[in-house]
Amino acid sequence: MTWRATVLTLFPEMFPGPLGLSLAGRALARGDWSLEARDIRAHAADRHRTVDDTPFGGGAGMVMRPDVVDAALDACGDGRPAVYLTPRGRLLTQAMVRRFAAGPGVVLLCGRYEGVDQRVIEARGLTEISIGDYVLSGGEPAALVLLDACVRLLPGVMGAAASAEEESFAAGLLEYPHYTRPAEWQGRRVPDVLLSGHHAEVAAWRAAEAARVTRERRPDLWQAHLTAMQGTAIADPAVTP
Ligand code: 6GU
């Protein structure tokens, strides 16, 4: 069964965009997943194809009409989770991505203007998701981000290398630094341990570096990691503060 993505947008030309290239694009061409971008405007009822209107209570900007959005959602009606991409949503996490990727697919509603009428969010039980604490001009780049994160987890898309990499993020740490040839470049040498051939020492160095960079850049992830490791055999005295 193909993992199905339907995107409801006022700018269907933005898709597949970058998802038509590289890993996601090859998986799309193979039929490992499908992508359908649908124009919300096709569901406008009037002659002028109106999708938005002024906000009740006044204020700047425009709001997408609940009847038009509802009709657009009806047209892709099935059991897939329906997500509304909005900076007001819960922050997207790898755990959420794993759940979406494990299901039949997603329906993604991309907002423009000031947003979507609250009543259709409630009536359709839309899951509101944000990709970070900054404001985009629309949900489309966020939809591309969410789909990229899901597609790379689909069976066969990345192969064994991906599962190993997933485990590293599953442990809740940022990645250790990577190096390749040349061994010296512009006077900068690759750390000796990586050239030593001692696999256990390499693994220990990488674990310590992952811990250091996480502690420095993401104290929130570091605290969560420490809590998760409490009382487990995996707890490593070499990397605790
Ligand atoms: Cl999902 N939409 C918009 N418009 N801005 C965002 C976002 C979504 N996530 C972060 N910023």
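Remember, predicted model here, so these are calculated numbers, not experimental data. (Residues numbered from 1 in each chain as written. Predicted model: local features only at pLDDT ≥ 70, side-chain atom pairs only at ≥ 80, totals over all residues. Heavy atoms only, no water.)

1. Comments concerning the nonpolar core
Okay, so step 1: Counting 28 residues, the largest nonpolar core has W3, W33, L85, L108 and L147 as its most contacted members.
Okay, so step 2: Among the elements of the structure, strand 1 (3–9), helix 1 (22–30), strand 5 (82–91), helix 3 (94–102), strand 6 (105–110) and helix 5 (140–151) are those that each provide at least two residues to this core.
Okay, so step 3: Residue contributions to this core peak at 8 residues, all from helix 5.
Okay, so step 4: L108 has contacts with T6, V7, L8, V83, L85, A143, L146 and L147, leaving out every residue within four places of it along the chain. (Core = buried A, V, L, I, M, F, W, Y, C linked by side-chain atoms within 4.5 Å. Buried < 20%, exposed > 50% of the residue type's maximum accessible area, 1.4 Å probe, protein only. Helix = DSSP H or I, 4+ residues; strand = E, 2+ residues; numbered from the N terminus. Contact = heavy atoms within 4.5 Å.)

2. Focus: the sheet that holds strand 2 (residues 33–39)
Okay, so step 1: Spatial ordering of the open sheet is given by 2-1-6-5-8, a layout of 5 strands whose pairing is parallel. With partners counted over all chains shown, the strands left at the sheet margins are strand 2 and strand 8 (127–130), one partner each. The mean angle between the axes of side-by-side strands here comes to 35°, regardless of whether they run parallel or antiparallel.
Okay, so step 2: The pairing of strand 1 with strand 6 spans 5 bridges and is classified as parallel. (Pairing = 2+ DSSP bridges. Axes fitted to C-alpha atoms, helices over the stretch in contact; angles between N-to-C directions.)

3. Some points on helix 8 (residues 199–217)
Okay, so step 1: End to end, helix 8 covers 27 Å across 19 residues, agreeing with the expected 27 Å (1.5 Å per residue, within 8%).
Okay, so step 2: V202, W205, E209, A210, A211, V213 and T214 are the residues of helix 8 that are buried.
Okay, so step 3: Check the buried side of helix 8 and you find it contacts helix 7 (192–195) and helix 9 (219–229). (Expected span 1.5 Å × (residues − 1).)

4. A short note on the site of the ligand
Okay, so step 1: Lining the immediate surroundings of the ligand are L85, T86, P87, I129, S130, I131, G132, Y134, L136, G138, G139 and A142.
Okay, so step 2: Within the complex, the protein chains bury 96% of what would otherwise be the 290 Å² of accessible surface of the ligand.
Okay, so step 3: A per-element tally of the shell around the ligand places strand 5 first, with 3 residues.
Okay, so step 4: A per-class count over the shell around the ligand returns 7 nonpolar, 5 polar and no charged. (Near = heavy atom within 4 Å. Areas by Shrake-Rupley, 256 points an atom, 1.4 Å probe, with all protein chains shown as cover. Nonpolar A, V, L, I, M, F, W, Y, C, P; charged D, E, K, R; others polar.)

5. Some points on the domain arrangement of the protein
Okay, so step 1: Examined at the domain level, the protein breaks down into domain 1 (3–151) and domain 2 (167–235).
Okay, so step 2: Put simply, the middle of domain 1 and the middle of domain 2, counted by C-alpha atoms, are 36 Å apart. (Domains from an automatic or database assignment.)

6. A few points about the packing of aromatic side chains
Okay, so step 1: Taken as a whole and judged by the stated rule, the model has 1 aromatic pair.
Okay, so step 2: The interplanar angle of 55° and the centroid separation of 6.5 Å between the aromatic rings of Y179 and W205 together place this pair among those described as tilted. Placement of Y179 in the loop between helix 6 (160–170) and strand 9 (184–185) and of W205 in helix 8 is noted, with a sequence separation of 26 residues between them.
Okay, so step 3: When the ring centre of W222 is taken as reference, the NZ or CZ atom of R215 above it lies at 5.7 Å. (Phe/Tyr/Trp six-rings, centres within 6.5 Å; stacked < 30°, edge-to-face > 60°. Lys NZ or Arg CZ within 6 Å of the ring centre and 35° of its normal.)

7. Observations concerning the state of the cysteines
Such a bond, covalent and formed between the sulfur atoms of two cysteines, is termed a disulfide.
Okay, so step 1: In the structure shown here, the tally under the stated rule is 0 disulfides.
Okay, so step 2: The structure places no disulfide on C76, whose sulfur is separated from the nearest cysteine sulfur, that of C110, by 12 Å.
Okay, so step 3: The thiol sulfur of C150 is not disulfide-bonded, and the nearest other cysteine sulfur, from C110, lies at 14 Å. (Disulfide = S-S within 2.5 Å.)

8. Side note on the side chain of D52
Okay, so step 1: Of note, D52 is situated in strand 3 (residues 52–53).
Okay, so step 2: We note that D52 is buried and unpaired, the nearest opposite charge coming from R41 at a distance of 5.7 Å.
Okay, so step 3: Excluding anything up to four places from it in sequence, D52 contacts M62, V63, M64, R65 and Y113. (Lys, Arg positive; Asp, Glu negative; His and termini not counted. Salt bridge = Lys/Arg side-chain N within 4 Å of Asp/Glu carboxyl O.)

9. Some remarks on the environment of V116
Okay, so step 1: On the secondary structure map, V116 appears in strand 7 (residues 115–116).
Okay, so step 2: The exposure class assigned to V116 is buried, which follows from its relative accessible area of 9%.
Okay, so step 3: V116 sits 75 residues away from R41 along the chain, and the two C-alpha atoms are 14 Å apart.
Okay, so step 4: Those residues in contact with V116 that lie beyond four places of it in its chain are V63, M64, V69, Y84, L109 and I121.

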